Amino acid sequence: MTTRDLVLSALFTAIIVVLGFLPPVPIPLLPVPITAQSMGVMLAGCIIGAKRGALAYVLLVVLVAVGLPVLSGGRGGLAVLIGPTGGYIFGWILGAFVTGLLAEKLVREDQSATKQMTGFFLASIVGGIGVVYLCGMPWLSLVAGTPFDKVLFGSLAFIPGDLVKAAIATLAARAVLVGYPLLPVRV
């Protein structure tokens, strides 16, 4: 990785921390709130790519592990990482990587705006929603002692908000691509 890659990753870690300042929206009867930080998975992957996006979240997890209150609601510490939301937090790393990998494959500067936005949106849904849920739901079921089918059903409440986050990330990624492309090019 170059110095530029490290700086971009650190910058996105800071952006993710700032997204945590937006208050979480609790969902009744569920231990996992809706947060803006999960949108950072989509933003990081689509804007700076797989490796740099995943590194941004690795840095975030390190900050959480040392106890800094960088998660939404001012949370931090090892207890958060092993608690009910821990699977989602670790899933952010893999989610950012997959989102970035798909964005790098699906989006090119020479495409039409529609194709670019479709690529960013699909990458955001698969990596930023699908992968994160695949990591978070089993963990939540195990840690909270809730049957997986109930966790799966309860997670449906988050889908509309996550689709809105994917749309916002798509618009932001497209704007950055037009103005100052940062996404690594894959062949």
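This section reports on the structure supplied with the text. Keep in mind the model is a prediction, meaning the values are calculated, not measured. (Residues numbered from 1 in each chain as written. Predicted model: local features only at pLDDT ≥ 70, side-chain atom pairs only at ≥ 80, totals over all residues. Heavy atoms only, no water.)

**What about helix H8 (residues 159–179)?**
Argument step 1. A rise of 1.5 Å per residue sets the reference length of H8, with its 21 residues, at 30 Å; its end C-alpha atoms lie 30 Å apart and thus fit the reference within 8%.
Argument step 2. Among all positions of H8, only Asp162, Lys165, Ala166, Ala169, Thr170, Ala173 and Leu177 are buried. Here the buried residues of H8 occupy an arc of 145° about the axis, which is enough to place them on one side. Residues Val164, Leu171, Val178 and Gly179 are exposed on H8 and point more than 90 degrees away from its buried face.
Argument step 3. Where the residues of H8 are buried, they touch helix H2 (39–48) and helix H6 (113–144). (Helix = DSSP H or I, 4+ residues; strand = E, 2+ residues; numbered from the N terminus. Expected span 1.5 Å × (residues − 1). Buried < 20%, exposed > 50% of the residue type's maximum accessible area, 1.4 Å probe, protein only. Arc of directions from axis to C-beta. Contact = heavy atoms within 4.5 Å.)

**Observations concerning the packing of aromatic side chains**
Two measures describe an aromatic ring pair: the distance that separates the ring centres and the angle between the ring planes.
Argument step 1. Throughout the structure, instances matching the rule amount to three aromatic pairs.
Argument step 2. Geometrically, the ring pair formed by Tyr88 and Tyr133 is edge-to-face, given 6.4 Å between the ring centres and 90° between the ring planes. Within this pair, whereas Tyr88 is found in helix H5 (residues 86–106), its partner Tyr133 is found in helix H6, the two being separated by 45 residues in sequence. We note that Tyr88, like Tyr133, is buried. (Phe/Tyr/Trp six-rings, centres within 6.5 Å; stacked < 30°, edge-to-face > 60°.)

**Some points on helix H3 (residues 50–65)**
Argument step 1. Over its 16 residues, H3 runs 22 Å from end to end, which matches the ideal 22 Å to within 8%, given 1.5 Å per residue.
Argument step 2. Those residues of H3 that are buried are in contact with helix H1 (3–19), H2, helix H4 (78–82) and H5.
Argument step 3. Gly67 occupies a position one or two residues after H3 and carries a positive phi of about 100°.

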